[in-house]
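Single-letter residue listing:
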Amino acid sequence: MKIAPPQLTVQPPTATRPLVEEFKEGLDAPICLTWELTYACNLSCVHCLSSSGRRDPRELSTEECFAVVDELQRLKVFYVNIGGGEPMLRSDFFPIVEYAIDHQVGVKFSTNGTFIDADAARRLAGMDYLDIQLSIDGADASVNDLVRGDGSFAAARRAMDHLADAEFGPFKISLVVTRHNVEQLDEFKALADSYGAQLRVTRLRPSGRGADTWHELHPTQAQQRDLYHWLLGRDDVLTGDSFFHLSALGDPLPGLNLCGAGRVVCLIDPVGDVYACPFVIHDEFLAGNVRDPGGFTGVWRASDLFSSLREPDNPGACASCGSYDACQGGCMASKFFVGLELTDPDPECVHGHAEPLLAAIGAGTSSGAHELPVPSADHSRPGVPVPSPVTLKPTRRHTR
């Protein structure tokens, strides 16, 4: 049975200063951070936020990774979300994970499951302060493989079986909600329950290769409402604070209704660059590098970018909306990569306030004339076909 990573403990908010206001001004150290160990990946998912595929030769060395862990330990970071690419493709994956755990930094890592065989599952099951997220994007191969590639669903299921056989304990099944799998939410939940696992649903962002497929994959307004009602009351389903924009529909969803970029979370990429969050891998949101003087701590505490993100919010075009306190204007990354200003409404604003703006710049269509921001680098493997999601057709609706 896994021992859970250390839990966040904070002082209760005062009557005049809610906890969310403390978070807005930033913390001395991130609560958690995402750390992409490599851009190498054996899959070519159509929505990959980091356009992964090829390894970057400038990747942090094993010793440099250990040094980052040492900093995180000194900062008392609760845990790291390790990802990629496919993190298990690094030959030093296990030494890095074991070093982090040995230095009181909990690890959650995301994987497509391809490299979790019986031996790897037993080794993982022997570690404490470790959590695993297996990624799928369909409750069956017919939906999943059109997004993640042929054979990817079967590989993920084999990994789940190996973890169950090794008595790893509760792991997580993670999916990105799209217009083609939102009707399968009940099936995803049943699959997770069958393994004693926990379901985690996250939001599709138009970053990385997702920028090219967002207009085809992001849920419709009607599906967003269905998703909101499905999530209400399901405290055993994790959302990673992805859907706070949906709270504008009524009762708030559990979690932080706040963009935590540069305030409570950030991203370290494989070459040590530190970005405001995993969904804005772009030079405009690059705060520094762990190889810089002062290391990660210097970037977190002194970068101009993070200081600016911790300044009071400007509600901008959302100032007159009665739902602003509930949704806080939505996701910064989603706005940026569809060409909106950061003070504009979220592109998936449930009240439709972004639709005229999107129409004006041509976003939301595959042939928009507006020149949109692109990620800083594309690591896709040349000549490797990327699955096409355009042939996916919803086949059934879930029930609430």
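Here the structure is a predicted model, which is why all the values come from computation and not from measurement.

K.L.:
Please explain the nonpolar core as it appears in this structure.
P.N.:
The nonpolar side chains of a soluble globular protein tend to be buried, and buried together. The biggest cluster of nonpolar side chains holds 87 residues, and the ones touching the most others in it are Phe171, Phe296 and Phe306. Excluding residues within four positions of it along the chain, Phe306 makes contact with Gly262, Cys266, Val274, Tyr275, Ala276, Ala287, Val299 and Trp300. Among the nonpolar cores identified, the runner-up in size contains 11 residues, and Val46, Val147, Trp214 and Ala354 belong to it.

K.L.:
Can you help me understand the sheet that holds strand β1 (residues 32-36) in this one?
P.N.:
Hydrogen bonds along the backbone pair up the strands of a sheet, which may run parallel or antiparallel. Across the sheet, nine strands lie side by side as β6-β5-β4-β3-β2-β1-β7-β8-β9; this open sheet has mixed pairing. The sheet terminates laterally at β6 (198-203) and β9 (286-289), the two strands that pair on one side only. Lying over the sheet, helix α2 (residues 62-75) contacts β1, β2 (79-83) and β7 (267-268), oriented at roughly 175° with respect to β1. Here helix α3 (residues 93-102) sits on the sheet in contact with β2, β3 (106-111) and β4 (130-135), set at roughly 150° to β3.

K.L.:
Looking at this structure, I do not really get the environment of Val46. What am I missing?
P.N.:
Among the structural elements, Val46 can be located in the loop between β1 and α2. Considered as a pair, Val46 and Arg148 are 102 residues apart in the sequence and their alpha carbons are 6.7 Å apart.

K.L.:
So what exactly am I meant to see when it comes to the packing of α2 against α3 here?
P.N.:
If you want to describe how two helices pack, look at the angle between their axes and the distance between the axes. Packing of α2 against α3 brings their axes to within 10 Å, and their N-to-C directions diverge by 20°. Overall, the two elements α2 and α3 adopt an arrangement that is roughly parallel. In terms of crossing hand, the pair formed by α2 and α3 is right-handed. Residue-level inspection shows Cys65, Phe66, Val69 and Asp70 of α2 in contact with α3, the latter providing Pro95, Ile96, Tyr99 and Ala100.

Scoring rules and cut-offs
- Residues numbered from 1 in each chain as written.
- Predicted model: local features only at pLDDT ≥ 70, side-chain atom pairs only at ≥ 80, totals over all residues.
- Heavy atoms only, no water.
- Core = buried A, V, L, I, M, F, W, Y, C linked by side-chain atoms within 4.5 Å.
- Buried < 20%, exposed > 50% of the residue type's maximum accessible area, 1.4 Å probe, protein only.
- Contact = heavy atoms within 4.5 Å.
- Pairing = 2+ DSSP bridges.
- Helix = DSSP H or I, 4+ residues; strand = E, 2+ residues; numbered from the N terminus.
- Axes fitted to C-alpha atoms, helices over the stretch in contact; angles between N-to-C directions.
- Parallel < 35°, antiparallel > 145°, perpendicular 65-115°, else oblique.
- Left-handed = near helix turned anticlockwise from the far one by under 90°.

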